[in-house]
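What the coordinates show
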Amino acid sequence: MALNDLVVRLLRWFQGQEKSKETAKNRLRLILIQDRVGVDPGVVDSLREDLLALLTKYFDVNVEEMEVEIQRDEERTALVVNVPILTLKGRHPSDFRREREGATASQEKSEPSPADGSPNKGQKSRSEGSEEKASESSDQESPSATTSEIPKAAASSSAPRPSTDSGASSASSSSS
Amino acid sequence: MGRPIVITSGKGGVGKTTTAANLGTALALLGQKVVVVDADIGLRNLDVVMGLESRVVFTSMDVIEGKCDLNKALIRDKRAENLYILAAAQSRNKSDVQPEQMARLVKELEQQFDFVLIDCPAGIEQGFDNAVAGAQEAIVVVTPEVSSIRDADRVIGLLQAKGLTEPRYILNRYSPRLVEQGEMLDRSDVQEILAIPLLGIIPEDQTIIASTNRGKPLVLEASTPAGAAYVRIARRLLGEEIPIPEFREETGWSRFFRMLFGRG
Ligand SMILES: Nc1ncnc2c1ncn2[C@@H]1O[C@H](COP(=O)(O)OP(=O)(O)O)[C@@H](O)[C@H]1O
Ligand SMILES: [Mg+2]
């Protein structure tokens with residue numbers, strides 16, 4: 001028995017795992033907040049999707065770690081959203097405006113862009129499905145090379161314009 | 001006037017029937033006149049857990065439908081003085097009984113008994129409404145697991161809305177070893193979340209399986225950690241102040257000595 005316990009502890013220590021009791025407590029806290037406030041978890045899920053679709057237009061966000069929850073204490077109920085940002089898309093707001101106008105002007109050129117797609121379509125890695133596999137692997141190896149990521153991210157998540165595309169490819173070649 | 005107490009949980013399989021059988025028996029052994037009512041119509045098993053299945057002739061349904069006298073439907077458990085059960089109909093549905101009918105039945109039982117323990121079915125639908133209808137007090141059985149606590153929380157809200165006296169809870173299947181390893185929510189974690197009075201803790205106890213195999217509630221057998229815990233809870237229900245002990249994993253030797261000498 002004691003040996004068993006020791007083995008369990010060692011294993012957990014090696015794996016750097018949190019004790020399951022802590023996980024249970026945290027999960028319960030969140031579940032009960034939703035239950036008690038009476039918000040249907042489905043509502044929170046679709047809110048999460050909508051928020052994600054909006055946010056990915058401006059930021060490259062960490063989808064997996066994004067938290068959307070309703071918190072309640074004695075006085076108030078609040079929507080708390082925590083979105084880790086991987087990279088800024090790094091463009092001036094006017095770029096977006098111009099882009100939007102450009103997109104309507106050249107509808108026929110637009111391919112399905114990740115920003116419009118639902119976040120559930122397996123977009124865990126930022127540019128999955130894009131043809132720039134080379135640049136993707138290179139930026140995973142050097143996550144600090146933000147300068148190379150900015151144009152790439154922009155390319156992968158906005159309407160394809162010749163200028164951004166070329167910007168992305170030049171950046172990826174410079175980073176490798 | 002007796003005390004009608006519903007034993008409920010929301011989630012199934014957390015120990016409501018085990019608790020009803022053991023608390024009922026323990027209270028009777030302490031000199032109370034007790035009836036345990038199986039409110040799980042269609043899935044009755046209180047009679048089986050108590051080893052009385054061969055004695056079921058009439059059920060609460062027969063009483064409600066006027067097919068037999070209440071006293072004829074009560075099954076006496078000969079192992080304790082003044083212990084009775086009222087079985088549930090097996091071949092009927094929960095919707096065959098209305099809450100008002102159940103409330104009337106419990107009222108009638110209150111006249112004769114010190115305690116009317118009502119073993120509630122799982123769920124929060126009609127079966128729950130029926131079981132709660134006649135009750136004035138409630139005991140919520142919960143295990144230290146996320147799903148059980150979540151359901152308990154829901155049920156506590158429903159009970160409070162129905163205007164019963166503040167429910168108390170029993171923390172069942174508590175494993176000191178897992179708690180020590182950090183792999184089970186401990187009593188303070190559960191208390192913090194449920195925030196209603198704790199009536200007692202029943203440790204995880206494998207002898208419960210043997211006791212249900214035999215149809216003999218634990219509190220009738222040689223003392224086991226869970227049996228002793230049920231007796232303490234029965235005493236607390238009677239108003240005695242008995243602190244809830246810290247549970248520790250039983251060592252092989254203490255178990256050996258308990259089995260050798262332990263009784264009562
Ligand atoms: N403290 C305990 N230790 C070990 N097993 C238990 C304990 N309490 C209940 N059980 C087991 O859990 C199962 C479900 O119990 P039961 O009383 O029928 O639950 P419910 O009536 O809530 O559905 C049974 O097999 C029972 O033997
Ligand atoms: Mg049951």
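The preceding data block contains the structure.
Structure report, in brief. As the structure is a prediction and not an experimental result, all values here were calculated from the model.

**What about the nonpolar core?**
Residue and element names in this part refer to chain B.
- With 53 residues, the main nonpolar core has V6, L109, I118 and L194 as its most contacted residues.
- In terms of residue count, helix α7 (residues 146-161) provides more of this core than any other element does, six residues in total.
- With residues near it in sequence (within four places) discarded, I118 still touches I5, V6, I7, V37, A39, V106, A131 and A135.

**A closer look at the packing of helix α1 (residues 16-29) of chain B against helix α11 (residues 225-237) of chain B**
Residues and elements named next belong to chain B.
- Viewed as axis vectors pointing N to C, α1 and α11 meet at an angle of 65°, and their least axial separation amounts to 9 Å. The pairing of α1 with α11 is recorded here as roughly perpendicular in orientation. In this structure, the crossing between α1 and α11 has a hand that is right-handed. Facing α1, whose interface residues are T18, T19, N22, L23, A26 and L27, α11 presents Y230, V231, I233, A234 and L237.
- Here the residues of the contact of α1 with α11 sort into eight nonpolar, three polar and no charged.

**Thoughts on helix α6 (residues 126-133) of chain B**
- For α6 of chain B, the set of buried residues is G127, F128, N130, A131 and V132 of chain B.
- Considering only its buried residues, α6 of chain B is in contact with β1 (3-8), α5 (99-112), β5 (115-119) and α7 of chain B.

**Some points on the side chain of T18 of chain B**
Residues and elements named next belong to chain B.
- Structurally, the position occupied by T18 is in helix α1.
- Residue class for T18 comes out buried when judged on its relative accessible area of 18%.
- When neighbours within four sequence positions are excluded, T18 is seen to be in contact with I208 and Y230.

**Brief notes about the packing of aromatic side chains**
All names here are of chain B.
- A full pass over the atoms with the stated rule returns one aromatic pair over all chains.
- For the ring pair Y84 and F113, a centre distance of 5.6 Å and an interplane angle of 70° mean the geometry is edge-to-face. With Y84 in strand β4 (residues 83-86) and F113 in the loop between α5 and β5, this residue pair connects regions lying 29 residues apart in the sequence. In this structure, Y84 and F113 share a single accessibility class: buried.
- Over the aromatic face of F113 sits the side chain of K33, whose NZ or CZ is 5.0 Å from the ring centroid.

**With respect to the pattern of salt bridges**
- Using the criterion set out here, one finds 18 salt bridges over all chains in the structure.
- D96 of chain B is the partner of R92 of chain B in a salt bridge, and the nearest nitrogen-oxygen pair spans 3.0 Å.
- For R92 of chain B, a relative accessible area of 26% puts it in the partly exposed group.
- On the basis of relative accessibility, which here comes to 30%, the residue D96 of chain B falls in the partly exposed class.
- E240 of chain B is paired through a salt bridge with R235 of chain B; the nearest N and O atoms lie 3.0 Å apart.
- Residues participating in the shared-partner salt-bridge network are K21 and K25 of chain A together with D186 and D189 of chain B.

**Section: the site of ligand 1**
Residues and elements named next belong to chain B.
- Among the 14 residues in the neighbourhood of ligand 1, the closest are listed as G13, K16, T17, T18 and N172.
- Residue T18 places a side-chain N or O atom 2.5 Å away from an oxygen atom belonging to ligand 1.
- Between ligand 1 and N172, the relevant distance is 2.9 Å, taken from a nitrogen atom to a side-chain nitrogen or oxygen of the residue.
- Alone, ligand 1 offers 560 Å² of accessible surface; in the complex the protein occludes 81% of this.
- When contributions to the shell around ligand 1 are tallied by element, the ones reaching two or more residues are α1, β7 (168-174) and β8 (198-203).
- Top element by residues in the shell around ligand 1 is α1. It accounts for three residues.
- Of the residues belonging to the shell around ligand 1, the class tally is four nonpolar, six polar and four charged.

**Section: unusual backbone geometry**
Residue and element names in this part refer to chain B.
- Of note in the backbone geometry, R173 takes a positive phi value of approximately 60° without being a glycine.
- Within the secondary structure, R173 sits in strand β7.
- The partly exposed category is assigned to R173, whose relative accessible area is 40%.
- For A195, which is not a glycine, the phi torsion comes out positive at approximately 55°.

**A look at a nonpolar patch on the surface**
- Residues L3, L6, V7, L10, L11, W13 and F14 of chain A make up a contiguous nonpolar surface patch of roughly 800 Å² in combined accessible area.
- Relative to the helices and strands, F14 of chain A resides in helix α1 (residues 2-15).

**Notes on the sheet that holds strand β6 (residues 137-142) of chain B**
All names here are of chain B.
- Strand order in the open sheet formed by eight strands is β3-β4-β2-β5-β1-β6-β7-β8, and the pairing between neighbours is mixed. The open sheet terminates on both sides in strands that have one partner only, identified here as β3 (75-76) and β8.
- Note: strand β2 (residues 34-38) against β5, five bridges, orientation parallel. Residue pairing across strands places V35 opposite V116, the latter belonging to β5.
- Against the sheet, α1 makes contact with β1, β2, β4, β5, β6 and β7, and its axis sits at roughly 165° relative to β5, the strand it touches most.

**Structural notes on the interface of chain B and chain A**
- With 15 residues of chain B at the interface, the matching set in chain A holds 16 residues.
- Buried surface at the junction of chain B and chain A, both sides included, amounts to about 1,600 Å², of which 53% is carbon and sulfur.
- Together, V146, R150 and Q181 of chain B form the three largest contributors to the area buried by chain B at its contact with chain A, with a combined 35%.
- Linking chain B with chain A are four salt bridges.
- Applying the counting criterion to the chain B and chain A interface returns six residue pairs in polar contact (both at pLDDT 80 or more).
- Sorting the residues of the side of chain B that touches chain A by element identifies α7, α8 (176-181) and α9 (187-194) of chain B as the ones contributing at least two each.
- The element contributing the most residues to the side of chain B that touches chain A is α7 of chain B, with four residues.
- Its residues assigned to classes, the side of chain B that touches chain A comprises five nonpolar, two polar and eight charged.

What counts and how
Residues numbered from 1 in each chain as written. Chains lettered and ligands numbered in written order. Predicted model: local features only at pLDDT ≥ 70, side-chain atom pairs only at ≥ 80, totals over all residues. Heavy atoms only, no water. Core = buried A, V, L, I, M, F, W, Y, C linked by side-chain atoms within 4.5 Å. Buried < 20%, exposed > 50% of the residue type's maximum accessible area, 1.4 Å probe, protein only. Helix = DSSP H or I, 4+ residues; strand = E, 2+ residues; numbered from the N terminus. Contact = heavy atoms within 4.5 Å. Axes fitted to C-alpha atoms, helices over the stretch in contact; angles between N-to-C directions. Parallel < 35°, antiparallel > 145°, perpendicular 65-115°, else oblique. Left-handed = near helix turned anticlockwise from the far one by under 90°. Nonpolar A, V, L, I, M, F, W, Y, C, P; charged D, E, K, R; others polar. Phe/Tyr/Trp six-rings, centres within 6.5 Å; stacked < 30°, edge-to-face > 60°. Lys NZ or Arg CZ within 6 Å of the ring centre and 35° of its normal. Salt bridge = Lys/Arg side-chain N within 4 Å of Asp/Glu carboxyl O. Near = heavy atom within 4 Å. Polar contact = N/O pair within 3.5 Å; in protein donor to acceptor, adjacent residues only side chain to side chain. Areas by Shrake-Rupley, 256 points an atom, 1.4 Å probe, with all protein chains shown as cover. Patch = residues over 30% accessible without salt bridge, like charges linked within 9 Å, V, L, I, M, F, W, Y side chains within 5 Å. Pairing = 2+ DSSP bridges. Buried area = accessible area lost by both parts, 1.4 Å probe.

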